[in-house]
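A closer look at the structure
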Amino acid sequence: MRPAAGLQAPRLDAATPTGTEGTSMILITGATGRVGGSAARYLLSSGHPVRALLREAGAAGELRALGMAVAEGDLGQPASITAALAGVDGALLVTPNGEQQLQLEQNFIEAAAAAGVRRVVKISSLEASAEATAPIPRMHYRAECLLQAEIGDWTVLRPNFYMQNLLMYAHPIAAHGVFALPFGSARVAPIDTRDVGEIAARVLSADGHAQHTYALTGPALLDFHEIARQMSDVLGREVRYIDQPPAEFRAFLAGIVPSAWQVDAVCALFAQIADHALERVSDDAHQLLGRPPRTLAEFVRDHAAAFAG
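This part takes up the sheet that holds strand 4 (residues 88-93). The pairing of strands in a sheet happens through backbone hydrogen bonds and is either parallel or antiparallel. Sheet architecture is open: seven strands sit in the order 3-2-1-4-5-6-9, paired in parallel fashion. Only two strands of the sheet have a single neighbouring strand rather than two, namely strand 3 (69-72) and strand 9 (212-216). Geometrically, the sheet is characterised by an average inter-axis angle of 20° between neighbouring strands, direction not taken into account. Note that strand 6 (residues 153-159) and strand 9 share five bridges and pair parallel. Looking at the pairing, Arg-158 lines up with Ala-215 of strand 9. Lying over the sheet, helix 6 (residues 193-204) contacts strand 1 (25-29), strand 4, strand 5 (119-123), strand 6 and strand 9, oriented at roughly 165° with respect to strand 5.

Laid out in structure tokens, this is it:
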């Protein structure tokens with residue numbers, strides 16, 4: 001496929017080969033994010049060549065310093081993805097939630113299929129299903145279906161609540177010992193994004209996971225009062241969870257998020273969580289990692305400085 005008129009083909013790092021003997025190149029979208037970054041680091045440490053797909057390759061100094069190749073490409077411009085996929089055997093598809101998310105993921109999946117990419121792993125959501133009503137899990141499910149129709153060796157990873165979401169509340173926890181969310185008594189089985197990234201890397205670099213959907217959870221179901229208690233124990237000071245009324249949360253979110261679509265989508269997703277949508281524990285993460293996934297206490301210890309302000 002040639003770039004459309006007016007589009008430049010993505011720039012690849014000229015000094016970086018498309019692969020090494022016996023080891024295939026793996027492309028990662030979202031390599032600057034937590035899950036994609038974790039996957040990239042694990043793959044690099046295991047000797048796999050990795051190429052990051054970024055909208056602006058000039059911002060990739062840290063990735064290049066790690067030994068990663070970088071390609072410029074925009075998922076909103078399908079022709080710009082083609083050169084980034086040259087020589088790629090496997091790809092990790094992880095995109096931020098947004099109104100255009102489904103179209104962006106469709107663009108990537110179709111480009112990967114046309115380029116002959118053998119294996120694609122998609123980061124989805126535990127709430128994704130044919131019955132999903134909230135926009136974000138509904139888009140994830142539709143993208144899963146597109147992936148399964150286009151790529152023979154597909155794998156879907158459906159994580160539970162990310163522990164790293166708690167870092168968004170590091171300031172009020174550090175300053176006041178509280179965090180507020182509209183989850184009531186609902187429980188989640190939080191999982192560390194570092195574990196999700198490692199699992200993605202393991203699945204990308206090994207056979208035996210084709211046409212599998214894995215539920216990725218932490219080791220235990222916890223309500224948010226219990227999460228606060230565990231944080232208190234690790235940090236050595238009281239942390240409290242405030243059950244925030246949904247209307248109050250919506251008003252807070254609208255004050256910091258400019259997209260009305262994003263506000264509605266997040267509120268719908270959080271309403272599903274409050275309705276116990278994430279109350280599931282799976283052994284998949286343990287089996288895929290070959291060790292237990294990180295506990296909440298481990299996560300808090302590792303990020304104690306952030307929660308201390």
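Applying the stated rule across the entire model yields 17 salt bridges. Across the pair Asp-153 and Arg-119 runs a salt bridge whose closest N-O atoms are separated by 2.9 Å. With Asp-153 in strand 6 and Arg-119 in strand 5, the pair connects residues that are 34 residues apart, well separated along the chain. Grouping residues by exposure puts Asp-153 and Arg-119 together as buried. A salt bridge links Asp-192 to Arg-194, with the nearest nitrogen and oxygen atoms 2.7 Å apart. Taking the relative accessible area as the measure of exposure, Asp-192 reaches 0% and is therefore buried. Among the residues examined, Arg-194 registers a relative accessible area of 25% and is labelled partly exposed.

What follows is about unusual backbone geometry. Even without being glycine, Gln-211 reaches a positive phi, approximately 60°. Here Gln-211 shows up in the loop between helix 6 and strand 9. Non-glycine residue His-276 carries a positive phi angle of around 75°. Looking at the element boundaries, His-276 is found in the loop between helix 9 (260-274) and helix 10 (284-289). Note on His-276: relative accessible area 36%, which makes it partly exposed.

About the criteria used
- Residues numbered from 1 in each chain as written.
- Predicted model: local features only at pLDDT ≥ 70, side-chain atom pairs only at ≥ 80, totals over all residues.
- Heavy atoms only, no water.
- Pairing = 2+ DSSP bridges.
- Helix = DSSP H or I, 4+ residues; strand = E, 2+ residues; numbered from the N terminus.
- Axes fitted to C-alpha atoms, helices over the stretch in contact; angles between N-to-C directions.
- Contact = heavy atoms within 4.5 Å.
- Salt bridge = Lys/Arg side-chain N within 4 Å of Asp/Glu carboxyl O.
- Buried < 20%, exposed > 50% of the residue type's maximum accessible area, 1.4 Å probe, protein only.

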